[in-house]
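Okay, here's what each chain looks like letter by letter:
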Amino acid sequence: QVQLVESGGGLVQTGGSLKLSCAASGRFSHYYAMGWFRQAPGSEREFVAGISRDGSRAAHADPVKGRFAISRDNAKNTTYLQMTSLTLEDTAMYYCAARFTYHAQAVYNTDYEDWGQGTQVTVSS
C-alpha cells in the first residue's frame, strides 16, 4: 500500500494554468504506475492521465490531450499534472491514484488501488 497526498489545486481563470503534485510514501512506491482522475459534482469519476512506473510512457484522456501533461520524478516520489488552457469544464476534484505493477512501462486507466484525498480545481470565467 502507498499513501498519496495531492497539492496544487486552487482557483484559476479560464485559459490559466495549474500544476498539481502527488507525493507518494510507503514501501515499494517505485513499483506503482500512477494516474490522475477527476470528479465533477453530479458526475462520475473519470480518468485524466496515467504514467508508467519508469515514466517512459504516458496516456491522456481525449478531453485533456494537448492541454494537460502527466510526469513523475521517481527520485522525489512525486507525480505531477501540468494543466494549461483550463476551461470551465475542467472544474473538479482531482485525485491521484497508484496501481502496483511489475511492468515498468505499463500505463493504466483503470483498476487503481490506492487513492489520495483529492485537491479541488475551480476554473472561473
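Scroll up a little and you will see the structure.
Being a predicted model, the structure only gives us computed values, none of them experimental.

Caption draft 1: How the structure looks around the pairing of strand β5 (residues 46–51). By the criterion of burial, β5 is predominantly enclosed, with 5 of the 6 residues buried. Across 5 bridges, the pairing between strand β4 (residues 32–39) and β5 is antiparallel. The partner of Gly 35 across the bridge, within β5, is Gly 50. What sits between β4 and β5 in their antiparallel hairpin is a turn of 6 residues, with Gly 42 showing a positive phi close to 80 degrees. Taken together, the 3 bridges between β5 and strand β6 (residues 58–60) define a ladder with antiparallel strand orientation. Bridge pairing in β6 links Ala 49 to His 60.

Caption draft 2: Representation of the sheet that holds strand β1 (residues 3–7) within the structure. Pairing is antiparallel across the open sheet formed by 4 strands, whose spatial order is β1-β3-β8-β7. The open sheet has two edge strands with one neighbour each: β1 and β7 (68–73). Averaged over neighbouring strand pairs, the angle between their axes works out to 15 degrees when direction is ignored. Two elements, strand β3 (residues 18–25) and strand β8 (residues 78–83), share 6 bridges in a ladder whose sense is antiparallel.

Caption draft 3: Just the packing of aromatic side chains, in detail. Evaluation of the coordinates by the stated rule reveals 8 aromatic pairs. For the pair Tyr 31 and Tyr 102, a centre-to-centre distance of 6.5 Å together with 75 degrees between the ring planes defines the contact as edge-to-face. Placement of the pair is Tyr 31 in the loop between β3 and β4 and Tyr 102 in the loop between β9 (92–100) and β10 (114–115), with a sequence separation of 71 residues. The exposure class assigned to Tyr 102 is exposed, which follows from its relative accessible area of 65%. Among the aromatic residues, ring-to-ring pairing joins Tyr 31, Tyr 32, Phe 100 and Tyr 102 into one connected group.

Caption draft 4: Fine view of the nonpolar core. The biggest cluster of nonpolar side chains holds 33 residues, and the ones touching the most others in it are Trp 36, Leu 81, Met 83 and Tyr 94. For Leu 81, the residues in contact, after removing those within four places along its chain, are Leu 18, Lys 19, Leu 20, Trp 36, Val 48, Ala 49, Phe 68, Ala 69, Ile 70 and Tyr 94.

What counts, and at which threshold
- Residues numbered from 1 in each chain as written.
- Predicted model: local features only at pLDDT ≥ 70, side-chain atom pairs only at ≥ 80, totals over all residues.
- Heavy atoms only, no water.
- Buried < 20%, exposed > 50% of the residue type's maximum accessible area, 1.4 Å probe, protein only.
- Helix = DSSP H or I, 4+ residues; strand = E, 2+ residues; numbered from the N terminus.
- Pairing = 2+ DSSP bridges.
- Axes fitted to C-alpha atoms, helices over the stretch in contact; angles between N-to-C directions.
- Phe/Tyr/Trp six-rings, centres within 6.5 Å; stacked < 30°, edge-to-face > 60°.
- Core = buried A, V, L, I, M, F, W, Y, C linked by side-chain atoms within 4.5 Å.
- Contact = heavy atoms within 4.5 Å.

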